[in-house]
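Chain residues, written in single-letter form:
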Amino acid sequence: MAETFAHEKFIRSQSVVARVVGGETLIVPIRGKVGDLASIYSFNATGTLIWKLLESPKTVSELAASVAQEYEIDPAQAESDVTSFVGEMKVVGLVEVPASVAMAGD
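So, here's what we can say about the structure. (Residues numbered from 1 in each chain as written. Predicted model: local features only at pLDDT ≥ 70, side-chain atom pairs only at ≥ 80, totals over all residues. Heavy atoms only, no water.)

### Let's talk about the overall build of the protein chain
Here is the rule: Numbering goes from the N terminus for both helices and strands, where a helix is a DSSP run of H or I of at least four residues and a strand is a run of E of at least two. Here the term buried applies to any residue with accessible area under 20% of the maximum for its type, exposed to any over 50%, and partly exposed to those in between, with areas from a 1.4 Å probe on protein chains only. Any two residues having at least one pair of non-hydrogen atoms within 4.5 Å are treated as being in contact. The protein chains shown are the only cover counted for residues, whose accessible areas, like all others here, come from Shrake-Rupley with a 1.4 Å probe.
Each helix and strand in the protein chain was counted, giving five helices and seven strands. For the protein chain, the N- to C-terminal ordering of α and β elements is α-β-β-β-β-β-α-β-α-α-β-α. A burial count over the protein chain gives 32% of its 106 residues as buried. A separation threshold of at least 6 residues defines the contact pool for the protein chain, and within that pool the share at least 24 residues apart is 54%. As displayed, the protein chain has an accessible area near 6,400 Å², and 55% of this comes from carbon and sulfur atoms.

Here's what the structure looks like:
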């Protein structure tokens, strides 16, 4: 999966609403202009850091470097964990490839 995301940049989906509640980030997808309360996602501190970083387009490598630095963990482990997390977020529609970046790659 790491090869798949090696050069892709990701950004938060515009089809979600996020709020920090009790130290966790809660994310609610918006479908048909209504919050999908059956699909609420909760992020711990690491997920919240990644979510904050995704305010602007970032590669998995950029995200992993920030996680490794913040939590003083092995960069290879951070890369593996972030790759999995971003992959899961992409599957459920929480992140997307920005249109301007996608067009530049064509």
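### Topic: the sheet that holds strand β1 (residues 9–12)
Inclusion rule: Two strands make a pair as long as DSSP finds a minimum of two bridges between them.
Across the sheet, which stays open at both edges, the three strands sit in the order β6-β1-β7 with antiparallel pairing between neighbours. Pairing within the sheet leaves two strands with one partner each, and these edge strands are β6 (58–59) and β7 (95–96). Two strands pair when backbone bridges link them, and β1 and β7 are joined in this way by two bridges, in the antiparallel orientation. Bridge pairing in β7 places Ile-11 opposite Glu-96.

### Considering the pairing of β1
Bridge count between β1 and β6: two bridges; the pairing is antiparallel. The partner of Phe-10 across the bridge, within β6, is Lys-58.

### Quick look at the nonpolar core
Rule in force here: We define the nonpolar core as a collection of buried residues of types Ala, Val, Leu, Ile, Met, Phe, Trp, Tyr and Cys that are connected through side-chain atoms lying within 4.5 Å of one another.
Formed by 20 residues in total, the largest nonpolar core has its most connected members in Val-82, Val-86 and Met-89. Those elements giving two or more residues to this core turn out to be α2 (45–53), α3 (60–71) and α4 (75–91). With five residues, α3 is the single largest residue contributor to this core. With near-sequence residues (within four places) excluded, Met-89 lies in contact with Phe-43, Ile-50, Trp-51, Leu-54, Leu-94 and Val-95.

### A closer look at the packing of α2 against α4
Formally: Only the stretch in contact is used when fitting a helix axis, every axis being a line fitted to C-alpha atoms; angles between N-to-C directions are given from 0 to 180 degrees. Should an angle fall under 35 degrees it is taken as roughly parallel, and over 145 as roughly antiparallel, whereas 65 to 115 is taken as roughly perpendicular and any remaining angle as oblique. Crossings are assigned a handedness: left-handed for a near helix turned anticlockwise from the far helix by less than a right angle, right-handed for a clockwise turn. In this count, Pro and Cys sit with the nonpolar residues alongside Ala, Val, Leu, Ile, Met, Phe, Trp and Tyr, while Asp, Glu, Lys and Arg are called charged and the others, Gly among them, polar.
Running from N to C, α2 and α4 point in directions that differ by 70°, and their axes come no closer than 12 Å. For the element pair α2 / α4, the angle class is roughly perpendicular. Crossing geometry of α2 relative to α4 is assigned as right-handed. Of the residues in α4, those in contact with Gly-47, Ile-50 and Trp-51 of α2 are Val-82, Phe-85 and Met-89. Looking at the contact of α2 with α4 residue by residue, the class counts come to five nonpolar, one polar and no charged.

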